[in-house]
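Chain residues, written in single-letter form:
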Amino acid sequence: MIEVKNLVKMYGNHPAVDHLSFNIEKGKIYGFLGPNGAGKSTTMNIITGYLAPTEGTVIIDGHDIFEEPLEAKKCIGYLPEIPPLYLDMTPREYLKFAADIKKIPNSERPDMFKQTAEMTGIVDVYDRPIKNLSKGYRQRVGMAQAILGFPEIIILDEPTVGLDPKQIVEIRDVIKKLGENHTVILSTHIMQEVTAVCDEVLIIAHGKLVAQDTPDNLGKHISGKNTTQITVKAPDYRVKAVLSKIRDVSKFEVHDSTEVDCVDAVISSDMDKDVREELFYAFASAKCPIISIMPSSMSLEDVFIKVTEGRQTDSRVKKSRK
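Residues numbered from 1 in each chain as written. Predicted model: local features only at pLDDT ≥ 70, side-chain atom pairs only at ≥ 80, totals over all residues. Heavy atoms only, no water.

Draft legend 1. Structural view of the nonpolar core. With 30 residues, the main nonpolar core has Leu33, Met143, Leu156, Ile175 and Ile203 as its most contacted residues. A total of five residues in this core trace back to one element, the largest contributor, which is helix α6 (residues 165–178). Among residues more than four places away in sequence, those in contact with Met143 are Leu79, Thr120, Leu156, Pro159, Ile171, Val174, Ile175 and Leu178. By size, the runner-up hydrophobic cluster in this structure holds 26 residues, among which are Ile24, Ile46, Cys75 and Ile76. (Core = buried A, V, L, I, M, F, W, Y, C linked by side-chain atoms within 4.5 Å. Buried < 20%, exposed > 50% of the residue type's maximum accessible area, 1.4 Å probe, protein only. Helix = DSSP H or I, 4+ residues; strand = E, 2+ residues; numbered from the N terminus. Contact = heavy atoms within 4.5 Å.)

Rendered as structure tokens:
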């Protein structure tokens, strides 16, 4: 769907984007993460054709964004961090203006306007001046413009910045709906947002790609192991005895539990070993009931800090192919 190949953007002697390459597959929601100054916005502006690179290419659905800009841009809907709204217009007028720019046929507009307004939740404010709308509704209007024409790729740059918690949840719901029929690239600093809506994560630092995988797999790859947490109704010495006999358990720690007459255990195993089934049968055989069992990994915040602090391209976290 999108191929970014060896992308470089220099500002004087400073590389804002440094030989960046990655692929975006169709039908997924991607989280695009990086610290301030990492090159996220520069990369997004290059992908959308707003900015020319110093080197490299961007292919959008088979079209080079710089050699075939019109064909490539037809595939993209873009919401910048600050939506380019005309505040004296109403959402109805603004969408008509956007449809004129996108050259959407008049016969398709009424149904498209209706679907777009309903999808983004702006029906109730459709004929109110944009200048009188809250920031949350302005973001929705900007998002409606981005999805007008139903492009295959939707790129959203910090769509929830500055919104209150209720508005953030509402915008996340819109993004999830978009992901049902579109490929979405979401740039954000909010890790919970990525965990909540994204299928895959790309992390860049110093203009380089340092990690790409699913949110769950990133923690496993960074730690180099699988971690499982269990709560068992048994004394700690019995739990330790059972765990010490399980072949694929490489390490474990046992702690007091908030559950009455129970202990908690954190169990490590090789990255390609899922020991939950072994744990179930081992404790069932020992007549020690497992009250809860769940996989655990490093949080996305921990992963982000680890891979963006002083990491270089040779230590890049590669995507799992399993």
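Draft legend 2. Examining the layout of surface pockets more closely. Computed from the structure, the largest pocket encloses a volume of approximately 870 Å³. What lines the largest pocket is a set of 24 residues, among which Lys73, Ile76, Ile101, Lys102 and Gln145 lie closest to the centre. Broken down by secondary-structure element, the contributors of at least two residues to the lining of the largest pocket are α2 (69–73), β6 (76–79), α3 (91–101) and α5 (135–147). Residue contributions to the lining of the largest pocket peak at four residues, all from α3. In the lining of the largest pocket, the residues fall into 15 nonpolar, four polar and five charged. (1 Å grid on protein atoms, 1.4 Å probe; cavity = no way out; pocket = protein on both sides within 12 Å on 5 of 7 lines; lining within 4 Å. Points joined across faces, edges and corners; volume = space filled by probe spheres on them. Nonpolar A, V, L, I, M, F, W, Y, C, P; charged D, E, K, R; others polar.)

Draft legend 3. Summary view of the sheet that holds strand β11 (residues 225–232). Taken in spatial order, the four strands line up as β12-β13-β11-β14 in an open sheet, and their pairing is antiparallel. The strands lining the two open edges of the sheet, one partner per strand, are β12 (251–256) and β14 (290–296). Each strand axis lies, on average, 20° off the axis of its neighbour in the sheet, ignoring direction. When β12 meets strand β13 (residues 263–270), the two strands line up antiparallel, connected through six bridges. Following the sheet pairing, Lys251 is matched in β13 by Ser268. Packing of helix α9 (residues 236–244) onto the sheet brings it into contact with β11, β12 and β13, and relative to β12 it is tilted by some 165°. Relative to the sheet, helix α10 (residues 276–285) contacts β11, β13 and β14, its axis offset from that of β14 by approximately 165°. (Pairing = 2+ DSSP bridges. Axes fitted to C-alpha atoms, helices over the stretch in contact; angles between N-to-C directions.)

Draft legend 4. How the structure looks around the sheet that holds strand β8 (residues 183–187). Strand order across the open sheet formed by six strands is β6-β7-β8-β3-β9-β10, with mixed pairing between neighbours. Taken across any chain shown, the strands that pair with only one partner, and hence form the sheet edges, are β6 and β10 (208–213). Sheet twist, expressed as the mean angle between neighbouring strand axes with direction ignored, is 15°. Relative to β8, strand β3 (residues 29–33) runs parallel, the two being bridged by four bridges. Looking across to β8, one finds that Phe32 is bridged to Ser187. Sheet strands in contact with helix α11 (residues 300–308) are β3, β9 (200–205) and β10, and its direction is about 35° off that of β9.

Draft legend 5. Summary view of the pattern of salt bridges. Counted under the stated rule, the structure contains 16 salt bridges. A salt bridge links Lys208 to Asp18; its shortest N-O distance comes to 2.9 Å. Of this pair, Lys208 sits in strand β10 while Asp18 sits in strand β2 (residues 14–24), and the two are 190 residues apart along the sequence. Both residues of the pair, Lys208 and Asp18, count as buried. Across the pair Lys131 and Asp88 runs a salt bridge, and its minimum N-O distance is 3.5 Å. Here Lys131 is found in the loop between α4 (109–120) and α5, whereas its partner Asp88 is found in the loop between β6 and α3, with 43 residues between them in sequence. (Salt bridge = Lys/Arg side-chain N within 4 Å of Asp/Glu carboxyl O.)

Draft legend 6. Region of the structure containing the environment of Ile293. Relative to the helices and strands, Ile293 resides in strand β14. Measuring from C-alpha to C-alpha, the distance between Ile293 and Lys225 comes to 17 Å, with 68 residues separating the pair along the chain. The contacts of Ile293, once residues within four sequence positions are left out, are Thr228, Gln229, Ile230, Arg276 and Leu279.

Draft legend 7. Region of the structure containing α9. The set of residues buried in α9 consists of Val239, Val242 and Leu243. Mapping the buried residues of α9 onto a view down its axis gives an arc of 95°, with all of them on the same face. Residues Tyr237 and Ser244 are exposed on α9 and point more than 90 degrees away from its buried face. Contact partners of the buried residues in α9: β11, β12, β13 and α10. (Arc of directions from axis to C-beta.)

Draft legend 8. Looking closely at α4. The first and last C-alpha atoms of α4 sit 16 Å apart over 12 residues, in line with the 16 Å expected at 1.5 Å per residue. Considered for burial, the residues of α4 that qualify are Arg109, Met112, Phe113, Thr116, Ala117 and Thr120. Across the axial projection of α4, the buried residues extend over an arc of 125°, all falling on one side. Positive phi appears at Gly121, one or two residues downstream of α4, with a value of about 70°. (Expected span 1.5 Å × (residues − 1).)

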